[in-house]
Amino acid sequence: MKEKIVLITGANSGIGKAAALKFAKEEYQVIMACRNMEISYAVQRDIIETTKNKDVDLIELDVSSFDSIHSCCKDFKSKYPRLDILIHNAAYLNHGETEYKLSPEHIELSFATNTIGPFLMTQLLIDHLSKSADPRVLHACTTNIKNFFNPKRNIEFDNLRGEHKDTRPYSTYKMYGDSKMALLMLTFKMAEEYKRLGIKVNALQINRVKLSKETINKMRSIWKTFAYLQNITNPLPAGMADTYFHICTSNEFKHVTGQLINHKREIVHSATSEKGFTQLKNIFGSTSYPKYAKNPQNIAHIWGLSLSLTEDYMSKHIV
Ligand SMILES: NC(=O)c1ccc[n+]([C@@H]2O[C@H](COP(=O)([O-])OP(=O)(O)OC[C@H]3O[C@@H](n4cnc5c(N)ncnc54)[C@H](OP(=O)(O)O)[C@@H]3O)[C@@H](O)[C@H]2O)c1
């Protein structure tokens, strides 16, 4: 049995579930951090039976809630001596949703789940990560961030606490893209901040993967049909799960940090130009991300926001 410990959020379906299976097969100690315990328990049993790896644990986590993140980290730390790999896979995107929703801390739900939650969780686990000989953090990002090649696109920073929820049209798809762009910018900053602790932080640009029935069934009708049609040609989650595994365990990525990596396992670079033919290559290719992500002011903004939203909680809840 390998000694390495991996924690995967949202490991009850899709890529997260396939990743839990992959790590379990490879004899890692796997901790599934999931919201729906009934469904997740069945998945955990299934993974243990399939892989014969008994070291597959399940801890409750709603990553949109600070209290739930705190209790998950506390539980994890009481059971495990350190953390080697942390995969922030869970995300909120409900296609067709038009209602602006707030988390328990009054943060827009996509941002709470996809950006601020993962940030707080890493902060709370930092001491356990720094005890590992080769700690790696992976953020599940998306090709949706390419929308920021549009020079008019900005993160809706002024509407993250419900400021304009009743007057501005809400697009869950746009907020999802904003939250994942913010997660990418945090990847760059966290990599810099945690270098002294030897912690590597990267993001994976996920393009398209078959969605689970459960995820599709949460969508509104027209989106459901669209998703089932797309699923016909979309690849299975197992391939992306193998990429999670490769980035988090291989020697190739041992010293790589602060990078966006694509589905072909190549490093994605900031676009050199966002005009003419190069812009077409940016949009249709997978080797460049918008300059917006590397703008120091944008990075400082999301870093400052993440700290200010969580510092009060952090100071009162040292795990
Ligand atoms: N599939 C794609 O084509 C694609 C493309 C680009 C990026 N991605 C990214 O890849 C990652 C995995 O996506 P997927 O396609 O595998 O989706 P999925 O099957 O819908 O899985 C998402 C997981 O996140 C969990 N989750 C959502 N909100 C949560 C919360 N508040 N607390 C804890 N867990 C929560 C879900 O749990 P419940 O079952 O409880 O809802 C589910 O386990 C996501 O970060 C997604 O943004 C996917």
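1. A look at the pairing of strand β6 (residues 200-206)
Reasoning step 1: Of all the seven residues making up β6, seven are buried; the element is thus mostly covered by neighbouring parts of the structure.
Reasoning step 2: Alternating residues of β6 divide into K200, N202, L204 and I206 and V201, A203 and Q205, and every residue in both groups is buried.
Reasoning step 3: A crossover links strand β5 (residues 136-142) with its parallel partner β6, the connecting element being helix α5 (residues 172-194), and its sense is right-handed.
Reasoning step 4: Of the pairings in the sheet, the one linking β6 to strand β7 (residues 260-262) comprises three bridges and is parallel in character. The residue of β7 that forms the bridge with Q205 is N262.

2. Considering the pattern of salt bridges
Reasoning step 1: Evaluation of the coordinates by the stated rule reveals 18 salt bridges.
Reasoning step 2: Note that D134 and K200 form a salt bridge whose closest N and O atoms lie 2.5 Å from each other. Of this pair, D134 sits in the loop between α4 (109-129) and β5 while K200 sits in strand β6; the two residues are 66 residues apart in sequence, bridging distant segments of the chain.
Reasoning step 3: The class of D134 is buried, set by a relative accessible area of 8%.

3. Considering the sheet that holds β7
Reasoning step 1: Across the sheet, which stays open at both edges, the nine strands sit in the order β3-β2-β1-β4-β5-β6-β7-β8-β9 with mixed pairing between neighbours. Edge positions in the sheet fall to β3 (56-60) and β9 (288-289), since each of these pairs with one other strand and no more.
Reasoning step 2: Each of β2 (29-34) and β3 is contacted by helix α2 (residues 37-51), which is oriented at about 170° to β3, the strand it contacts most.
Reasoning step 3: Along the sheet, helix α3 (residues 66-79) contacts β1 (5-9), β2 and β3; its crossing angle with β3, the most-contacted strand, is approximately 145°.

4. Description of α3
Reasoning step 1: Here α3 spans 20 Å end to end across 14 residues, near enough to the 20 Å set by a 1.5 Å rise per residue.
Reasoning step 2: Where α3 is concerned, the buried positions are F66, S68, I69, H70, C72, C73, F76 and K77.
Reasoning step 3: Of the surrounding secondary structure, the elements contacted by the buried residues of α3 are β1, β2, β3, α4 and α10 (296-316).

5. Structural notes on the state of the cysteines
Where two cysteines share a covalent bond between their sulfur atoms, that bond is called a disulfide.
Reasoning step 1: Evaluation of the coordinates by the stated rule reveals zero disulfides.
Reasoning step 2: Cysteine C73 is unpaired, with the sulfur of C72 as its nearest cysteine sulfur at 5.2 Å.

6. Regarding the site of the ligand
Reasoning step 1: Residues in close proximity to the ligand total 27 residues, the closest being S13, R35, Y176, T215 and K218.
Reasoning step 2: Take K180: an N or O atom from its side chain is 2.9 Å from an oxygen atom of the ligand.
Reasoning step 3: Considered on its own, the ligand offers 900 Å² of accessible surface; in the complex 90% of this is hidden by protein.
Reasoning step 4: Where the shell around the ligand is concerned, the elements lending two or more residues are α1 (14-25), β5 and α5.
Reasoning step 5: Take the shell around the ligand: its biggest share by element is three residues, from β5.
Reasoning step 6: In the shell around the ligand, the residues fall into eleven nonpolar, eleven polar and five charged.

7. A few points about the nonpolar core
Reasoning step 1: Residues F76, M121, I155 and L184 are the most contacted members of the largest nonpolar core, which totals 62 residues.
Reasoning step 2: Elements with a contribution of two residues or more to this core: β1, β2, α3, α4, β5, α5, β6 and α10.
Reasoning step 3: Top contributing element to this core by residue count: α4, with eleven residues.
Reasoning step 4: Ignoring sequence-local partners within four residues, the contact set of L184 consists of C141, I145, A203, L260, Y289 and A293.

8. Remarks on the environment of A42
Reasoning step 1: The topology assignment puts A42 in helix α2.
Reasoning step 2: Taking the C-alpha atoms as reference points, A42 and G285, separated by 243 residues in sequence, lie 39 Å from one another.

9. Thoughts on the packing of α1 against α2
Reasoning step 1: Closest axis-to-axis distance for the α1/α2 pair is 10 Å, and the angle between their directions is 35°. Note that α1 runs across α2; the crossing there is right-handed. Residues K17, A20, L21, A24 and K25 of α1 form the contact with α2, whose own contacting residues are V43, I47, T50 and T51.
Reasoning step 2: Of the residues assigned to the contact of α1 with α2, the class counts are five nonpolar, two polar and two charged.

10. Points about the packing of aromatic side chains
Reasoning step 1: According to the stated counting rule, one finds ten aromatic pairs in the structure shown.
Reasoning step 2: Summarising the aromatic geometry, the rings of F66 and Y313 are spaced 5.4 Å apart at their centres and angled 70° between planes, so their arrangement reads as edge-to-face. Taken as a pair, F66 in helix α3 and Y313 in helix α10 lie far apart in primary sequence, 247 residues in all.
Reasoning step 3: Residue classification places F66 among the buried positions, given a relative accessible area of 4%.
Reasoning step 4: On the basis of an interplanar angle of 80° and a centroid distance of 6.2 Å, the ring pair of W223 and F226 is categorised as edge-to-face. Separated by three residues within a single helix, W223 and F226 lie in helix α7 (residues 221-233), roughly one turn from each other.
Reasoning step 5: When its relative accessible area of 34% is taken as the criterion, W223 is described as partly exposed.
Reasoning step 6: Owing to a relative accessible area of 46%, F226 belongs among the partly exposed residues under this scheme.

Thresholds, definitions, all that
Residues numbered from 1 in each chain as written. Predicted model: local features only at pLDDT ≥ 70, side-chain atom pairs only at ≥ 80, totals over all residues. Heavy atoms only, no water. Buried < 20%, exposed > 50% of the residue type's maximum accessible area, 1.4 Å probe, protein only. Helix = DSSP H or I, 4+ residues; strand = E, 2+ residues; numbered from the N terminus. Right-handed = clockwise from strand over helix to strand, strands pointing away. Pairing = 2+ DSSP bridges. Salt bridge = Lys/Arg side-chain N within 4 Å of Asp/Glu carboxyl O. Contact = heavy atoms within 4.5 Å. Axes fitted to C-alpha atoms, helices over the stretch in contact; angles between N-to-C directions. Expected span 1.5 Å × (residues − 1). Disulfide = S-S within 2.5 Å. Near = heavy atom within 4 Å. Polar contact = N/O pair within 3.5 Å; in protein donor to acceptor, adjacent residues only side chain to side chain. Areas by Shrake-Rupley, 256 points an atom, 1.4 Å probe, with all protein chains shown as cover. Nonpolar A, V, L, I, M, F, W, Y, C, P; charged D, E, K, R; others polar. Core = buried A, V, L, I, M, F, W, Y, C linked by side-chain atoms within 4.5 Å. Left-handed = near helix turned anticlockwise from the far one by under 90°. Phe/Tyr/Trp six-rings, centres within 6.5 Å; stacked < 30°, edge-to-face > 60°.

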